[in-house]
Amino acid sequence: MSHAILDLVQQVMSSPWLYAALFALALLDGFFPVVPAETSVITAAVFAASGETNLALVILVAALGAFAGDHVSYLIGRSSAGRLREKKAFVWARGALAERGGLVLVVARYIPGGRTATTLTMGAVRFPLRSFTFFDAIAACSWALYSGLIGFFGGMAFENDPIKGLLLGLGIAVSITGAVELVRWLRKRRATEASPERLPADTSV
């Protein structure tokens, strides 16, 4: 069974349509986050270690697709501001945007669900398109490079067993995402505990 799956994956990796598919998945992931864009990029990069795909091209098309998808999400946000305003993710992204400015877009690239909420929010609040494009270029390129290199080094570690390389790459990606989420949770908890509402009331007369 595992050999059949590996043969199927290898056929997909050797297809001339692979790079178009990676671009499309990365684009769709910008405004439809259930699409497995990151997994697809890591998988293609794993096979780059054995020469079946081109790592530089994998990273390039993933970055371009992510960049285009984020701009679609931004435009959706501009046209849907009223409907988004009360949603929890929108409120979080708006607060993060007010605190960090455009840099939040780079950080949100690595937060599950945070990327789409942030790009939609930036469109809804009419964040300047030129600045959005600048920060999104950094976010898309860094994400594609990160995903590509994780997959490539996973493939290098298990050059003769790409499935293990894929599992290693996905494991590293999930671990990094989990670490980011843990840091966010700890910072939020610390900020909540330090908020004025949680301080003891002044009972002095």
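Reference entry: report on the structure contained in this document. Predicted model only: the values in this text are computed from it and were never measured. (Residues numbered from 1 in each chain as written. Predicted model: local features only at pLDDT ≥ 70, side-chain atom pairs only at ≥ 80, totals over all residues. Heavy atoms only, no water.)

A word on unusual backbone geometry
For Arg-126, which is not glycine, the phi dihedral falls at a positive 60°. Looking at the secondary structure, you find Arg-126 in the loop between helix 8 (114–124) and helix 9 (129–157). Judged by its relative accessible area of 45%, Arg-126 falls in the partly exposed class. (Helix = DSSP H or I, 4+ residues; strand = E, 2+ residues; numbered from the N terminus. Buried < 20%, exposed > 50% of the residue type's maximum accessible area, 1.4 Å probe, protein only.)

Structural notes on the pattern of salt bridges
A full pass over the atoms with the stated rule returns two salt bridges. Residue Arg-115 is joined to Asp-29 by a salt bridge in which the shortest nitrogen-to-oxygen separation is 2.3 Å. Linking Arg-115 in helix 8 with Asp-29 in helix 2 (residues 18–29), this pair joins segments that are 86 residues apart in sequence. Asp-29 carries the same exposure label as Arg-115, and that label is buried. (Salt bridge = Lys/Arg side-chain N within 4 Å of Asp/Glu carboxyl O.)

Thoughts on the packing of aromatic side chains
Any aromatic ring pair is given by two values, namely how distant the centres are and how the planes are angled relative to each other. Summed over the entire model, instances satisfying the criterion amount to four aromatic pairs. With a centroid separation of 4.5 Å and 35° between ring planes, the pair formed by Tyr-74 and Phe-132 is classed as tilted. On the criterion of sequence distance, the pair formed by Tyr-74 in helix 4 (residues 55–79) and Phe-132 in helix 9 is long-range, its members being 58 residues apart. Neither residue differs from the other here; Tyr-74 and Phe-132 are each classed as buried. Judged by centre distance (5.2 Å) and plane angle (85°), the ring pair of Tyr-110 and Tyr-146 falls under edge-to-face. Here the residue Tyr-110 occupies a position in the loop between helix 7 (103–108) and helix 8, and Tyr-146 occupies one in helix 9, the gap between them amounting to 36 residues. (Phe/Tyr/Trp six-rings, centres within 6.5 Å; stacked < 30°, edge-to-face > 60°.)

Details of the packing of helix 4 against helix 8
Where helix 4 contacts helix 8, the two axes come as close as 6 Å, and the packing angle between them is 50°. Overall, the two elements helix 4 and helix 8 adopt an arrangement that is oblique. In the packing of helix 4 onto helix 8, the handedness of the crossing is right-handed. Contacts from Asp-70, Ser-73, Tyr-74, Ile-76, Gly-77 and Arg-78 in helix 4 reach Arg-115, Thr-116, Thr-119, Leu-120, Met-122, Gly-123 and Ala-124 in helix 8. (Axes fitted to C-alpha atoms, helices over the stretch in contact; angles between N-to-C directions. Parallel < 35°, antiparallel > 145°, perpendicular 65-115°, else oblique. Left-handed = near helix turned anticlockwise from the far one by under 90°. Contact = heavy atoms within 4.5 Å.)

A short note on a nonpolar patch on the surface
A surface patch of nonpolar side chains, about 320 Å² in accessible area, is lined by Phe-23, Leu-57, Leu-60 and Leu-64. The leading source of residues in the nonpolar patch is helix 4, at three residues. Mapped onto the elements, Leu-57 comes out in helix 4. (Patch = residues over 30% accessible without salt bridge, like charges linked within 9 Å, V, L, I, M, F, W, Y side chains within 5 Å. Areas by Shrake-Rupley, 256 points an atom, 1.4 Å probe, with all protein chains shown as cover.)

A few points about the nonpolar core
Among the nonpolar cores identified, the biggest contains 27 residues, and Tyr-19, Leu-22, Val-41, Leu-55, Val-58, Trp-143 and Ala-144 are the most heavily contacted of them. Looking at this core, the elements that each hand over two or more residues are helix 2, helix 3 (37–48), helix 4 and helix 9. With eight residues, the single largest contributor to this core is helix 3. If we ignore the near neighbours within four places in the chain, the residues touching Ala-144 are Val-41, Ile-59, Ala-62 and Ala-63. In this structure, Leu-97, Met-122, Phe-132 and Phe-135 belong to the second largest nonpolar core, which totals 10 residues. (Core = buried A, V, L, I, M, F, W, Y, C linked by side-chain atoms within 4.5 Å.)

Scope: geometric values only; no functional claims are made or implied.
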